[in-house]
Amino acid sequence: MDQAWQRATARYAPERKALLAEVAQGDAIGPFCPDWISLAQYRAPTWFGAAKFGIFIHWGVYAVPAFANEWYPRNMYDGTTREHAHQLDTLGPLTHRGYKDFIAGFKARHWDPAAWARLFKQAGARYVVQVAEHSDGFAMYDSRLSRWTAALMGPKRDVVAALERAVRAEGLRFGLSSHRAEHDWFFDHGRELASDVNDPADADFYGPAVPHFAQDGDQDLQQDWTYVSPTYVDDWLARTAELEAYYRPDLIYLDWWVGHPAFRGALAEFLAYYYNRGAQRDGVVLNYKLHALPAGSAVLDVERGQLGDIRPTPWQTDTTISNGSWGYVEHDIYRSATSIIQLLADVVSKNGNLLLDVGPRPDGTIVPQEQAVLLEIGRWLATNGAAIYGSHPWRVSGEGPTAPTTGAFKEQLARPWTTDDFRFTRNKDLLYAIEFGWPADGTTVIRSIKPADRVRDVRLLGSSTPVHWENTGQGLVLHVGSRPAGPAAFVYAIRTATDTP
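Caption draft 1: The arrangement of unusual backbone geometry in detail. For the bond from Gly30 to Pro31, the omega torsion is 10 degrees, close enough to zero to count as cis. Looking at the element boundaries, Pro31 is found in the loop between α2 (13-28) and α3 (36-39). Here the bond from Gly207 into Pro208 is cis, since omega is 0 degrees, no more than 30 degrees from zero. The backbone of Lys156 sits at a positive phi, close to 55 degrees, despite the residue not being glycine. As for its position among the elements, Lys156 is in the loop between β2 (127-133) and α8 (159-169). Residues other than glycine seldom take positive phi values, yet Arg304 does so here, at roughly 50 degrees. Counting through the fold element by element, Arg304 comes out in the loop between β6 (299-303) and β7 (315-320).

The following block contains the structure:
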């Protein structure tokens, strides 16, 4: 299987070799070397820690079937899934119409990258991360290592380049994600039945498609014995290097399977290359998940999850407005702006960033429900952004009875916040207390603020109504009156006589 893929991609060997040589040159310039002791000296740039809120974009060929989720291209070949049944019911045998045939429907006829960038800025985002290549193997940029790209098929334009220009024109940071590592096995179910995955003419797209031999829920990659050839690792390194070489992203997000032991050497080479080039700008960020990289060598991302307390170094959680999919699907159900704002406050109080995903339609439009959520978040940030942007953790992240379940993929276990739940941040000389509800009797108590903090002033952001307060042995008592309009995340700016880190 792997040899068939190698034969089908042999035409790209010269360009692959040139990119690998460029990586080696970048590794040699310093200050980082391609070893984990050197890479442990990495520190996230200041801009990332200050940004706090970004937009993730899952947009690709998987938006065309618009069914289940963005892993439809894999699951449609698995005879045990509803995606497989849906594919056969709607489009017939997989030998006649496979995933590659959806590319013709991915036209992006109404795509306006400038409108996207304006929307994301209105939403209050400070950085935008686009999927450059998902696990399906279709590159959304002008790759020199594949013919299966948005530049040559579907939209027939370099989507990444166009969005990068638009995002930077709005003054936002631009990032890219790569899920290429997983493509090694992504279409393996297509080997198990009659399908176009087995057609040698398409081996450069579907391949290698080797059997995925994972254990322990696919999260402990030390127990993943899937075959990965050295040539595939070289191809992964070259394709990932393309992103930096052509677009100079401020951030690169790598999906979890780069933690497979086969990628370790190439990962070190890429990180040194990326960090060394980034040091010539004003610093770059690389996100990793689970245990894909050694702690400290990059920025941890906790997918669909939260941390329990303050992390001393910046981190990130990523989640999506949709309840079920990262990409566009029909008849989707979307989360409320309030729930996302509360998540943002919780994450920021613990020194983290929130990367929020949208899934545009195949024509390039963003569904109205997602736009409405983004704009409501933007309105809240326009009023309360001082508690978020450029903020730092306080001495505790928060107080209240509701503790989130910690760890990746645990957000479905979250319980609703109460009016007794607060999250705290600091910015310059002010403490910000974010309350996740409004007290029915108009009085609330912040127990973490003690008389020794010597409060001097309290005001509610976005309101001209004075807040009456008193220092007591119980804590800071606020008499706040009737509930103002807006999401249930009310921000009090509190000035104390002394700095209380």
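Caption draft 2: Summary view of the sheet that holds strand β14 (residues 468-471). Reading across the sheet, the three strands line up as β12-β15-β14 and stay open at both edges, with antiparallel pairing between neighbours. The open sheet terminates on both sides in strands that have one partner only, identified here as β12 (443-446) and β14. In this sheet, adjacent strand axes meet at a mean angle of 20 degrees when their direction is disregarded.

Caption draft 3: Summary view of the sheet that holds strand β5 (residues 285-289). Spatially, eight strands are ordered β1-β2-β3-β4-β5-β6-β7-β8 in a closed barrel, and the strand pairing comes out parallel. Neighbour to neighbour, the strand axes of the sheet diverge by 25 degrees on average, direction disregarded. Pairing of β7 with strand β8 (residues 352-358), which is carried by six bridges, proceeds in the parallel orientation. Residue pairing in the sheet places Thr317 in a bridge with Leu354 of β8. Set on the sheet, helix α10 (residues 230-247) makes contact with β2, β3 (173-178) and β4 (251-254); between it and β3 the angle comes to about 170 degrees.

Caption draft 4: Quick peek at helix α7 (residues 113-122). Among the residues of α7, those classed as buried are Pro113, Trp116, Ala117, Leu119 and Phe120. Taken end-on, α7 shows its buried residues confined to a sector of 160 degrees, consistent with a single buried face. Among the structural elements, β1 (53-57), β2, α8, β8 and α13 (368-384) are those in contact with the buried residues of α7. The N-cap residue of α7 is Asp112: its side-chain oxygen and the backbone nitrogen of Ala114 are 3.1 Å apart. Backbone geometry just after α7 places Gly124 at a positive phi near 90 degrees.

Rules and cut-offs
- Counting restarts for each chain, with residues numbered from 1 along the sequence as it is written.
- It should be noted that, the model being predicted, local features are given only for residues of pLDDT at least 70 and side-chain atom pairs only at 80 or more, the latter also being counted only at that level, while totals for whole chains, interfaces and linings use all residues.
- Excluding hydrogens and water, the side-chain values take into account all heavy atoms of the structure.
- Here a strand is any run of E in DSSP of at least two residues, a helix any run of H or I of at least four, and the numbering for each starts at the N terminus.
- If DSSP finds at least two bridges between two strands, the strands pair.
- Geometry is summarised by axes, namely lines fitted to C-alpha atoms with helices restricted to the contacting stretch, and by angles between N-to-C directions that run from 0 to 180 degrees.
- In this analysis, two residues are considered to be in contact whenever any of their non-hydrogen atoms come within 4.5 Å of each other.
- Throughout, exposure labels follow a simple rule: accessible area from a 1.4 Å probe, protein chains only, divided by the maximum for the residue type, with under 20% read as buried, over 50% as exposed, and the rest as partly exposed.
- What the arc covers is the set of directions going from the helix axis to the C-beta atoms.
- Whenever two N or O atoms come within 3.5 Å, that pair is a polar contact, provided that in protein one can donate a hydrogen and the other can accept it, and provided that, for residues adjacent in sequence, both atoms are side-chain atoms.

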